[in-house]
Amino acid sequence: MIEFNSKIDEKIMQNLTRVYDAVVDFASLPKKIKVNLSFVDEKTIKRLNKETRNIDKVTDVLTFPYIELKPKQKLRLSDYKFDIDPEDNRLLIGDIYICTKRAEEQSEEYGHSLNREICFLFSHGMLHILGYDHIEKNDEEKMLKVQSEILEKLNIGRDRFKCGFVTIIGETNAGKSTLINQLVGEKVAIVSPKSQTTRDNIKGIYNDKNSQIVFVDTPGYHKRKTKIDDEMDKHIKEAIEDTEILLILIDAKKSLIEQYEKIIKNVSFEAKKILLINKIDETKYEKVYPQLLELSKIAKVDEILPISALKGTNCDILIEMIKKYLPSYDYEMRYYPVENYTDKNLREICAEVIREKALLCLDDEIPHGIQVVVTDFKEETEPIEIYADLYCERESHKPIILGKNGEKIKEISTKSRLTIEWIIEKRVNLNIYVKVKENWRNDVRAIAEFGLNVE
Ligand SMILES: Nc1nc2c(ncn2[C@@H]2O[C@H](COP(=O)(O)OP(=O)(O)OP(=O)(O)O)[C@@H](O)[C@H]2O)c(=O)[nH]1
Ligand SMILES: [Mg+2]
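Now for a description of the structure that goes with this document. (Residues numbered from 1 in each chain as written. Chains lettered and ligands numbered in written order. Predicted model: local features only at pLDDT ≥ 70, side-chain atom pairs only at ≥ 80, totals over all residues.)

The subject of this paragraph is the overall build of the chain. A count of helical and extended segments in the chain gives 14 helices and 15 strands. On C-alpha atoms alone, the chain measures out to a radius of gyration of 30 Å, which is more than a quarter above the 23 Å that the 2.2 N^0.38 rule sets for 455 residues. Overall, the C-alpha framework of the chain stretches about 105 × 55 × 35 Å when taken along its three principal axes. For the chain, with 455 residues in total, the buried portion stands at 36%. Put simply, of all contacts in the chain between residues at least 6 apart along the chain, 70% involve residues at least 24 apart. (Helix = DSSP H or I, 4+ residues; strand = E, 2+ residues; numbered from the N terminus. Rg over C-alpha atoms; globule rule 2.2 N^0.38 Å. Buried ≥ 20, exposed ≤ 12 C-beta atoms within 10 Å, placed from the backbone. Contact = placed C-beta atoms within 7 Å.)

Our next topic: the nonpolar core. In this structure, Phe215, Leu247, Ile354 and Leu390 are the most contacted members of the largest nonpolar core, which totals 71 residues. For this core, the element with the most residues is helix 11 (residues 346-361), which contributes 7 residues. A domain-level breakdown of this core finds at least three residues from each of domain 2 (161-329) and domain 3 (346-449). Apart from the residues lying within four places of it in its own chain, the contact partners of isoleucine 354 are Val372, Ala388, Leu390, Ile412, Ser416 and Ile432. (Core = buried A, V, L, I, M, F, W, Y, C linked by C-beta atoms within 7 Å. Domains from an automatic or database assignment.)

The next point concerns the pairing of strand 2 (residues 33-40). Moving residue by residue along a regular strand, the side chains alternate between the two faces of the sheet. By the alternation rule, side chains of strand 2 split into Ile33, Val35, Leu37 and Phe39, which are all buried, and Lys34, Asn36, Ser38 and Val40, of which none is buried. Here strand 1 (residues 2-4) runs beside strand 2; their pairing, made up of 3 bridges, is parallel. Bridge pairing in strand 2 places glutamate 3 opposite asparagine 36. With helix 1 (residues 10-26) bridging strand 1 and its parallel neighbour strand 2, the resulting β-α-β unit is left-handed. With 8 bridges joining them, strand 2 and strand 5 (residues 90-99) adopt parallel strand pairing. Bridge pairing in strand 5 links phenylalanine 39 to isoleucine 98. (Pairing = 2+ DSSP bridges. Right-handed = clockwise from strand over helix to strand, strands pointing away.)

Turning to the sheet that holds strand 14 (residues 384-392), a few remarks are in order. Pairing in this open sheet of 3 strands is mixed, and the strands run 13-14-15 from one edge to the other. Edge strands, defined here as strands with exactly one partner in the open sheet, are strand 13 (371-378) and strand 15 (428-436). For this sheet, the mean angle separating the axes of adjacent strands, direction not counted, is 20 degrees. Across 7 bridges, the pairing between strand 13 and strand 14 is antiparallel. Bridging from a neighbouring strand, valine 373 pairs with aspartate 389 of strand 14. The strands touched by helix 11 are strand 13, strand 14 and strand 15; relative to strand 13, the strand with the most contacts, the crossing angle is about 135 degrees. (Axes fitted to C-alpha atoms, helices over the stretch in contact; angles between N-to-C directions.)

Dropping the structure here:
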């Protein structure tokens, strides 16, 4: 058994007991034994090191065996008859001291949980008691092998599960929404050749056996003109604050250095940064390479990767790169249920699809003022009946959106319906009504009504 001499989190305590049992089992130790385990501060471990080893240092773990064993040597209680504690009839085989502060620092350094680090240090101490050491390289390898086998068996070996938030930022039109759709493998965010397509933060969730990555698509950086632009800016700031990794997207067709310098000013805080050079399918290698070389000399980021969000080029490499930097867990940690691929509901997705098709079909002056609200979604009907209001900013825009003999709105409606049917895999009847909300992009109340404000 373990005699705990200090208070420690219940879950860690349970795992330490599992580690203890596994070591006892591995070395076929008798049941009637015990170890003392203490968690101490830096000062204490330093003093112990000084007193017992004449080393003036803070270390992570210190072990004092009370018995002398060699690896694989059997421990026989009959050899220690006189050392058995009459109170509980157990033989004390050693004291282990773990420095909590060092354990915390190391867990952060290695990117795994404190639980995992403490179990590692305790198993290390237990093996020292059993006669393992790491003075010679050979012995060290043996010790670490046994240690990791024990921890792996308990599933607290290596932290396998990766989970966290990854925010995509970049100038408008850089391809952020295209990238999130590509990485998640579903249509999460709408995409268009026009600028300022994305208006708020949209989460796209990537799941596999050993990870969950919550991608956050943000509105692109652009010049502020109306009140909605302020909200879009706030959305970007909000997403950046809560993220573990930032994907900074720039366009391979424009000057790389210029784009990098412009955007890096907005991200002065500590998050891992991956700089992505997008749209490489549309550029020549010889043109991008010299710029890339120059950029790699000055860019203060953790990684640089050329990709094509549209074609999926290097997206598998990107997923592995992200996993490398995400926090690790020794259990399955998911923020969202595995079947969810976005935080938006079906109504919101449908409204965005309609806006996407409107952006596609309409001339440049109108699209930015368009907003769509799904007012009814009758799931029980066959085909599914969907009603939506398409808002524009001016009375004069209405006839343009409707088109001659209603042809424009028919085109928008058909394109929207096909995409919605593809997403929900059911037949749909789509009814779109065109409405006017004068100058709504400068109207704080209207922005809030459309759910586009940062709460
Ligand atoms: N050739 C090519 N085009 C791309 C790529 N990625 C995105 N695009 C195109 O670039 C345009 C803009 O893409 P979006 O994904 O909407 O860009 P965004 O960064 O989300 O834009 P905002 O939402 O306005 O900030 C669309 O026409 C995309 O098809 C790419 O890798 N290659
Ligand atoms: Mg977008």
